[in-house]
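What follows is each chain in one-letter form.
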Amino acid sequence: MCVGHKDVRASVRREPSIIVVRPRGYLDASGLMMETTRVESSPGVTLAVRVFRPKSSAAEKAVTMVLVHQYSLMGGCQELLRGMAYRLAAKGFTTVTFDMRGVGTSSGKATLTGASEIQDVVAVCQWAAKHCTASSILLVGSSAGAPIAGAAIDSVKEVVGYVSLGYPFGLLASVLFGRHNKACLQSPKPKMFVMGTNDGFTTVKQLESKLKSAAGRVEKRLVRGAGHFEMEGAQYDDQMVEYLTTFADSLQLISS
């Protein structure tokens, strides 16, 4: 069960293998398909994965979204991303969410710094590149999921861009996740950072200072008046989806 983050809304690499060959799936009231499967991350660690598909393959976008949930040890889980995932699928983007190791029915044990979870992100992205119609991936991390996802950007060639939602750049958060910052910031791939102006972990000044050292195309979006956990709330899903789809569409234009 997700706790902590949930309260705000009502936290040697191997090729991944499919554990469930035929995913289970069902249609929701809007006709969108959600499938469930499992992906092997590392020996003894398999991850619970959900795939949200558009109604029509004819309208499917050329980029698949992979969403990485918040800090596992504070209740982060893929269920918190369901609202955004459905909205993205409704706009034509196949969207993949998953529980990192030690969360929900995913096996293994969550780590304090997210070091092992980087391999979870890599495994799911590699799986998505092989098994989703659009092999190009926009990698999206929320809260602590942002530095974990950011550390995996250049480990998967199919990742064509990255978005962070509330990257914890602040001093205290950096004790846990600062080791991931360099890989994220120095990647030449296009990046966008979304943050509330009242974020309790990172100030706007800290964000802007960090982005000065970032390589490649870098964009920033500030959500006026939003706190860190507040921005994870359902009331901001539409705004986050608008940022993600606009950024993803710009990546398609670049690659076309």
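Since this is a predicted model, take the numbers as computed values, not measurements.

What about the packing of aromatic side chains?
- Using the criterion set out here, one finds seven aromatic pairs in the structure.
- With centroids separated by 3.9 Å and ring planes inclined at 15°, the aromatic side chains of Y167 and F169 adopt a geometry described as stacked.
- Accessibility expressed as a relative area gives 3% for F169, which makes it buried.
- Ring centres of Y167 and F193 lie 6.1 Å apart, and the angle between their planes is 50°; on these two criteria the pair is classed as tilted. Here Y167 is found in the loop between β7 (159-165) and α5 (171-177), whereas its partner F193 is found in strand β8 (residues 191-196), with 26 residues between them in sequence.
- Given the relative accessible area of 1%, Y167 is considered buried.
- By the ring-pair criterion, three or more aromatic residues cluster together here, those being Y162, Y167, F169 and F193.

Comments concerning the pairing of strand β9 (residues 218-223)
- Here β8 pairs with β9 via six bridges, running parallel. Paired with K191 across the bridge in β9 is V218.
- As for the winding sense of the linkage, the β-α-β connection from β8 through helix α7 (residues 204-211) to β9 is right-handed.

Here's the deal with the pairing of strand β3 (residues 45-53)
- Of all nine residues in β3, nine are buried, a share of seventy percent or more.
- Burial along β3 is two-sided: V45, L47, V49, V51 and R53 and T46, A48, R50 and F52, pointing in opposite directions, are all buried.
- By the bridge criterion, nine bridges tie strand β2 (residues 33-42) to β3 in an arrangement that is antiparallel. Its bridge partner being in β3, M34 is matched across the sheet by F52.
- The turn joining β2 and β3, which pair antiparallel and follow one another in sequence, is formed by two residues; a positive phi near 85° is taken by G44.
- Alignment of β3 against strand β5 (residues 95-98), held across four bridges, turns out to be antiparallel. The residue of β5 that forms the bridge with F52 is T95.

Points about the nonpolar core
- Of all hydrophobic cores here, the largest spans 41 residues; its most connected members are V66, F98 and F193.
- Considering each element in turn, this core owes the most residues, nine residues, to helix α3 (residues 117-131).
- Here V66 is in contact with V96, F98, V124, C125, A128, I137, L138, L139 and V140, once residues within four sequence places are set aside.
- Counting residues in hydrophobic clusters, the runner-up holds 30 residues, among them F52, V140, V163 and L165.

Reading the values: rules and limits
Residues numbered from 1 in each chain as written. Predicted model: local features only at pLDDT ≥ 70, side-chain atom pairs only at ≥ 80, totals over all residues. Heavy atoms only, no water. Phe/Tyr/Trp six-rings, centres within 6.5 Å; stacked < 30°, edge-to-face > 60°. Buried < 20%, exposed > 50% of the residue type's maximum accessible area, 1.4 Å probe, protein only. Helix = DSSP H or I, 4+ residues; strand = E, 2+ residues; numbered from the N terminus. Pairing = 2+ DSSP bridges. Right-handed = clockwise from strand over helix to strand, strands pointing away. Core = buried A, V, L, I, M, F, W, Y, C linked by side-chain atoms within 4.5 Å. Contact = heavy atoms within 4.5 Å.

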